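Here's the letter readout for the chains.
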Protein chains: 2
Amino acid sequence: MTDAEETAETYDPSRYERPSVTVDVVIFTLIDRELHVLLVRRKRWPYEGYWAIPGGFVQMHESLEDAARRELEEETGVRDIYIEQLYTFGDPNRDPRTRVISVAYFALVRADRQRLRVSEESIDVRWFPVRAAPSPLAFDHDRILAMALVRLRSKLEYTTLAFELLPEVFSILELKHIYEQIFGEKLDKGNFYRKIKDAGVLEETGLLREGRGRPTRLYRFRRDRGDGQFVFRWREARIDAGESHERDLSSS
Amino acid sequence: MTDAEETAETYDPSRYERPSVTVDVVIFTLIDRELHVLLVRRKRWPYEGYWAIPGGFVQMHESLEDAARRELEEETGVRDIYIEQLYTFGDPNRDPRTRVISVAYFALVRADRQRLRVSEESIDVRWFPVRAAPSPLAFDHDRILAMALVRLRSKLEYTTLAFELLPEVFSILELKHIYEQIFGEKLDKGNFYRKIKDAGVLEETGLLREGRGRPTRLYRFRRDRGDGQFVFRWREARIDAGESHERDLSSS
DNA sequence: TCAATAGTGTCTTTGAGACACTATCCG
DNA sequence: CGGATAGTGTCTCAAAGACACTATTGA
């Protein structure tokens, strides 16, 4: 940027050396009532044979979020799912090939409908329980995963994100189980019932599910209520928390 | 990524078209008890003559945060200041020159010691009260600024970030004034005294500052206390909030 | 009947907020 | 003394947590 007479005609982008830019997507789901993360096994150097967070290069024509959604769909066949930007990792030597800056996203997909595909660059794709994920992962992906978990925990505390992990129809105690899974602590049943009902985010379906004991009432998430994602505060938020959403910006 | 026999020797990074990567730094300070943001006036196309958030290209050898600190120092002469990553903006057409992905940071500098310099690419640098910043800014910088403000407000609610805006020694009511400035609402004096003292983050200096009425007791921020930044929760956190810090990752 | 699971009621403690009060300076 | 600014005390109300209780099924 030393040229004093730069215009549309004279500007030459090739003058500056450029890093590569990738998106990596940390994809969580709930399988057998336990939180899982999707990892791919690398086929090639570098980190050949290591498990990694799925990702790929950003195309010149697509936005970062589009790139993240494309990766997500390539790996799981899932579209229209919750996704948000997590953090951008850009240490100069995080990838031995060249300078690579990676914009990390995290996504939540419902327990039911994913269909995994092994992509070109991988020899395997698998869901791992987050408590039993392989370590170390390729590149700085351990750090990315750790950060995604912090963000996920944090957001559950003040958003309705947990619903993104549940099927269409669910019981209150199933919802409670998700919170316990992700927070790693037991919650009081009575208090949970009280809070979730006071929040007014549930719609009674009238359905029951039979089990061993008393049948369970089933609910649906009321997407119409409140401001969408930030409908109720489960409890006082802790550290971290995610970056804002568009709707928050409008209030400033 | 279709070559099956890729190794360190055969890998050719030039095969993929690459975006440019910049860092933009939203720099806040407190001048005359009011929150200000630093903007630069562009000398060249595109957006010639528009005010913009200072930033520049990331060099191949430096990390993103190093680049942000370098920009900060180039513009204000300030080093060793609070800085954190905000969000990465990467819409394909946000810059007419070429595909530019911008990693935004936000920084807080103390009221006292900045010394502005007009850099190569600018014709002016100025502090603007955030409530009277020019609009529109160049590129998508309005959006970046809005996001930085949301993040700043959010973080004040559960961190001790406000101290970064104050001089070494300050009074409790000065601190209260910062919160009021940034939240845009009046706080109760009694409740503020109670909370801030219970938090145990202040160290009495024994100093007094004389004024028109009763002299003010002056305090220092106890940097040793608690877990550094996240020492006390001013009040229940609202929406947004920033991404986590390293120390949070270690607990997961 | 009991085991198993679902769901409710209530007491106590904590902390946020409102607001009135007291303290110490200058003139 | 009064005006100005600093700093404290106290009451109320709402939400969070602990925990005991009741409900409804199948075997």
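What comes next concerns the included structure. Keep in mind the model is a prediction, meaning the values are calculated, not measured. Numbering of residues starts from 1 in every chain and runs along the sequence as written. Written order determines the labels here, with chains lettered from A and ligands numbered from 1. For a predicted model such as this one, the threshold for reporting local features is a pLDDT of at least 70, and the threshold for listing and counting side-chain atom pairs is 80 or more; totals across whole chains, interfaces and linings nevertheless cover every residue. Only heavy atoms go into the side-chain values, all of them from the structure, while hydrogens and water stay out.

**With respect to unusual backbone geometry**
And then number 1: Here W45 of chain A and P46 of chain A are connected by a cis peptide whose omega angle stands at -5°.
And then number 2: In this model, S135 of chain B is joined to P136 of chain B through a cis peptide bond whose omega is 5°.
And then number 3: Strands are runs of DSSP state E lasting at least two residues, helices are runs of H or I lasting at least four, and both sets are numbered from the N terminus onward. Tracing the sequence through the fold places P136 of chain B in the loop between β7 (122-129) and α2 (141-158).
And then number 4: The backbone of F139 of chain A sits at a positive phi, close to 50°, despite the residue not being glycine.
And then number 5: By the secondary structure assignment, F139 of chain A is in the loop between β7 (122-129) and α2 (141-156).

**Some remarks on the pairing of strand β9 (residues 202-209) of chain A**
All names here are of chain A.
And then number 1: Two strands qualify as a pair provided that DSSP identifies no fewer than 2 bridges between them. Note: β9 against strand β10 (residues 216-221), 5 bridges, orientation antiparallel. If you follow R209 over to β10, its bridge partner there is T216.
And then number 2: Where β9 folds back on β10, the antiparallel hairpin that results is connected by 6 residues.

**So, the side chain of R151 of chain A**
Residue and element names in this part refer to chain A.
And then number 1: Mapping R151 onto the fold places it in helix α2.
And then number 2: Working definition: with a 1.4 Å probe on protein chains only, accessible area under 20% of the residue-type maximum means buried, over 50% means exposed, and in between means partly exposed. Its relative accessible area of 1% is what places R151 among the buried residues.
And then number 3: Nitrogen and oxygen atoms within 3.5 Å of one another constitute a polar contact, given that in protein one can donate a hydrogen and the other can accept it, and given that sequence-neighbouring residues count only through two side-chain atoms. One polar contact links the side chain of R151 to the main-chain carbonyl oxygen of L86, over a distance of 2.9 Å.

**Looking at the pattern of salt bridges**
Pairing between side chains becomes possible if they bear opposite charge and their charged atoms approach one another.
And then number 1: A pair is scored as a salt bridge if a Lys or Arg side-chain nitrogen falls within 4 Å of a carboxyl oxygen belonging to Asp or Glu. Within the structure shown, the criterion is met by 32 salt bridges over all chains.
And then number 2: In this structure, the salt-bridge partner of K155 of chain B is E84 of chain B, at a minimum N-O distance of 2.9 Å. Taken together, the residues span a long stretch of sequence, with K155 of chain B in helix α2 and E84 of chain B in strand β5 (residues 82-89) at a distance of 71 residues.
And then number 3: Taking relative accessible area as the criterion, K155 of chain B reaches 0% and is therefore assigned buried.
And then number 4: Among the residues examined, E84 of chain B registers a relative accessible area of 2% and is labelled buried.
And then number 5: Via salt bridges that share partners, E62, R70, E71 and E74 of chain A belong to a single interconnected network.

**Concerning the side chain of E75 of chain B**
And then number 1: Turning to its location among the elements, E75 of chain B is positioned in helix α1 (residues 64-76).
And then number 2: It only takes one pair of heavy atoms within 4.5 Å for two residues to be counted as in contact. Residues in contact with E75 of chain B, not counting those within four places in the same chain, are L38, V40, P54, R115, L116, R117, S119 and V125 of chain B.

**Points about the protein's contact with DNA strand C**
And then number 1: Working definition: residue near molecule or strand if any one of its non-hydrogen atoms lies within 4 Å of it. The local shell around DNA strand C holds 20 residues, among which K189, Y193, R212 and R217 of chain A together with R194 of chain B are the closest.
And then number 2: The sugar and phosphate moieties of DNA strand C supply 53% of its atoms located within 4 Å of the protein.
And then number 3: Between K197 of chain A and DNA strand C, the recorded distance is 3.3 Å, taken from a side-chain N or O atom to a phosphate oxygen.
And then number 4: D188 of chain B places a polar side-chain atom, nitrogen or oxygen, 3.1 Å from a base nitrogen of DNA strand C.
And then number 5: Mapped by element, the contributors of at least two residues to the surface near DNA strand C are α4 (189-199) and β10 of chain A together with α4 (189-199) of chain B.
And then number 6: When its residues are assigned to classes, the surface near DNA strand C shows 4 nonpolar, 6 polar and 10 charged. By the convention adopted, Pro, Cys, Tyr, Trp, Phe, Met, Ile, Leu, Val and Ala count as nonpolar, Lys, Arg, Asp and Glu as charged, and the other residues, Gly among them, as polar.

**A word on the sheet that holds strand β10 (residues 216-221) of chain B**
And then number 1: Pairing in this open sheet of 3 strands is antiparallel, and the strands run β8-β10-β9 (chain B) from one edge to the other. Among the strands making up the open sheet, the edge pair consists of β8 (169-170) and β9 (202-209) of chain B.

**A word on the environment of I31 of chain A**
Residues and elements named next belong to chain A.
And then number 1: With respect to the helices and strands, I31 occurs in strand β1 (residues 20-31).
And then number 2: Classification of I31 as partly exposed rests on a relative accessible area of 25%.
And then number 3: Along the sequence, I31 and F128 sit 97 residues apart, while their C-alpha atoms lie 9.5 Å from each other.
And then number 4: Excluding residues within four positions of it along the chain, I31 makes contact with H36 and W127.

**Some remarks on the sheet that holds β10 of chain A**
Within a sheet, neighbouring strands are paired by backbone hydrogen bonds and run either parallel or antiparallel to one another.
Residues and elements named next belong to chain A.
And then number 1: Ordered in space as β8-β10-β9, the 3 strands form an open sheet in which the pairing is antiparallel. Both outer strands of the open sheet, β8 (169-170) and β9, are each paired with one neighbouring strand and no more.
And then number 2: Pairing analysis gives 2 bridges linking β8 to β10, with the strands arranged antiparallel. Bridge pairing links F170 to Y219 in β10.

**Things to note about the protein's contact with DNA strand D**
And then number 1: If you check the shell around DNA strand D, you find 20 residues, and the closest are R194 of chain A together with K189, Y193, R212 and R217 of chain B.
And then number 2: Backbone sugar and phosphate groups make up 52% of those atoms of DNA strand D lying within 4 Å of the protein.
And then number 3: In this structure, R194 of chain A approaches DNA strand D through a side-chain N or O atom, which is 2.8 Å from a base nitrogen.
And then number 4: R217 of chain B is positioned such that a nitrogen or oxygen atom in its backbone is 2.8 Å from a phosphate oxygen of DNA strand D.
And then number 5: The residue inventory of the surface near DNA strand D, partitioned by class, reads 4 nonpolar, 6 polar and 10 charged.

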